[in-house]
Amino acid sequence: MIDTSLDTTAWCKALIAAVEPYYSEHGRAGLHEPWINGNEWQYVKECLDTAWVSTAGKYVDTFGEELAKFTGAKHAVPVVNGTAALHAALLVSGVEENHEVLSPTLTFVATTNAISYTGAIPHFVDSAENHPNIDAKKLANYLENNTHQYQQQCINSVTGRVISALMVVHIFGDACDMAALTTICKQHNLKLIEDAAEGLGTYFGDRHVGNFGTVSALSFNGNKIMTTGGGGAVLTNDDEIATKLRHITTTAKMAHPWEYFHDEVGYNYRMPNLNAALGCAQLEQMPNVLTRKKALHQRYLAETAPLSGGQILQASAGTTSNHWLNTVLLDKGSDKNRALEALNAVNIQSRPVWQLMHTLPMFNHTPCMDLSCAENLAERLINIPSSAFL
Ligand SMILES: *Cc1c(COP(=O)(O)O)cnc(C)c1O
């Protein structure tokens, strides 16, 4: 067999060259670390000085408004984390117990967990051949052959269950083919939900991701492109859904100066003011962060272009990536572990992509289409250091 393994020595050198001078000063490069470089101290201090640290305070509303402006969404509802954002997004989309929700097997576990929280069953979808994002053509073909319509609902012809939604994920900050996926959802009566946890600052055409479906979710976990410590947000362009979102994420409490009346089972998902203060400062830095992320991506591309054994993953034409996590796609037949060992040995913090969802014990009996592309990619993808300050 031909050895197509990554020449790790050459790749390590190229990756180090791309992150000089940071690497030579610190002797390492982390995968993705927060960059605190703006008004973070000032805004957080103000919360502490005034004791407005929790679920009331001006920063929560300001953060929601600024997020809406940044993403072009009509409403942004800040919540405690991205997983809670996904859960709330599914609830307001009418996803119910025993429905199925189509979503990729190649994603972070939070996507699939959130589907399970509603009592719905994940139904796994394959990636494209050379990119972890959903293969829209393959999905369209699959739905054509394995589902039918009954009373304007999409029915899984094998299980007989309603498939109520498609949850797409913009993996590593690269936009999915939202034109094709939007069409598929219309044709098959599926609600479209975007897991845009990794996609703040990512565009399909000139529209920010998270604006294509009914609702979408963002995450501001510590390893995302910007952070609130922990946090997330739900985006929507629908006034009624926004009202519903605000209601169910604040314990479904009816507005009243002193009475505690709740008209349904709600959730305590509202983002605290402290986190929102951090978020306001981080969001101010996003244009600068995006410029730096793009420059780093281009340095990686330039340094590794002459090398064989793998290539830096690139977003599709007509999209603008936020370049959240730079990723090497190793050639077929490569030894991923050898590459990971070599990179981590010189403190280039690198890691494989997540274990595929359909291989995890709690999800290995759920419906799925052929997942051969995701299986193939999972063997070959490595994330490399991508912090904005590199
Ligand atoms: C980070 C992430 C989430 C979850 O966000 P948390 O804020 O960590 O709960 C969901 N989906 C994807 C694809 C993510 O990367």
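Summarised in this report is the structure supplied together with it. (Residues numbered from 1 in each chain as written. Predicted model: local features only at pLDDT ≥ 70, side-chain atom pairs only at ≥ 80, totals over all residues. Heavy atoms only, no water.)

**Describing the packing of aromatic side chains**
Here is step 1 of the chain: Under the counting rule described, the total for this entry stands at eight aromatic pairs.
Here is step 2 of the chain: Taking 5.3 Å as the distance between ring centres and 65° as the angle between the ring planes, the aromatic pair formed by phenylalanine 63 and phenylalanine 220 counts as edge-to-face. Here phenylalanine 63 is found in helix α4 (residues 58–71), whereas its partner phenylalanine 220 is found in the loop between β10 (215–219) and β11 (232–236), with 157 residues between them in sequence.
Here is step 3 of the chain: A residue is classified by how much of its surface remains accessible, and phenylalanine 63, at 0% relative accessible area, is buried.
Here is step 4 of the chain: Summarising the aromatic geometry, the rings of phenylalanine 204 and phenylalanine 212 are spaced 5.8 Å apart at their centres and angled 80° between planes, so their arrangement reads as edge-to-face. In this structure, phenylalanine 204 and phenylalanine 212 share a single accessibility class: buried.
Here is step 5 of the chain: Of the aromatic side chains, those joined through ring pairs into one cluster are Phe108, Phe172 and Trp354. (Phe/Tyr/Trp six-rings, centres within 6.5 Å; stacked < 30°, edge-to-face > 60°. Helix = DSSP H or I, 4+ residues; strand = E, 2+ residues; numbered from the N terminus. Buried < 20%, exposed > 50% of the residue type's maximum accessible area, 1.4 Å probe, protein only.)

**Let's talk about the site of the ligand**
Here is step 1 of the chain: Contacts to the ligand come from 16 residues, most closely from Gly82, Thr83, Glu198, Ser219 and Lys224.
Here is step 2 of the chain: One of the backbone nitrogen or oxygen atoms of glycine 82 is found 2.7 Å away from an oxygen atom of the ligand.
Here is step 3 of the chain: Within the side chain of glutamate 198, an N or O atom sits 2.5 Å from an oxygen atom of the ligand.
Here is step 4 of the chain: For the ligand, whose free accessible area comes to 380 Å², the fraction covered by protein is 93%.
Here is step 5 of the chain: Here the ligand occupies the largest pocket.
Here is step 6 of the chain: Of all the secondary-structure elements, those providing two or more residues to the shell around the ligand are α5 (82–92) and α6 (109–117).
Here is step 7 of the chain: A total of three residues in the shell around the ligand trace back to one element, the largest contributor, which is α5.
Here is step 8 of the chain: Within the shell around the ligand, the residues separate by chemical class into five nonpolar, eight polar and three charged. (Near = heavy atom within 4 Å. Polar contact = N/O pair within 3.5 Å; in protein donor to acceptor, adjacent residues only side chain to side chain. Areas by Shrake-Rupley, 256 points an atom, 1.4 Å probe, with all protein chains shown as cover. 1 Å grid on protein atoms, 1.4 Å probe; cavity = no way out; pocket = protein on both sides within 12 Å on 5 of 7 lines; lining within 4 Å. Sits in = over half its atoms within 2 Å of the grid points. Nonpolar A, V, L, I, M, F, W, Y, C, P; charged D, E, K, R; others polar.)

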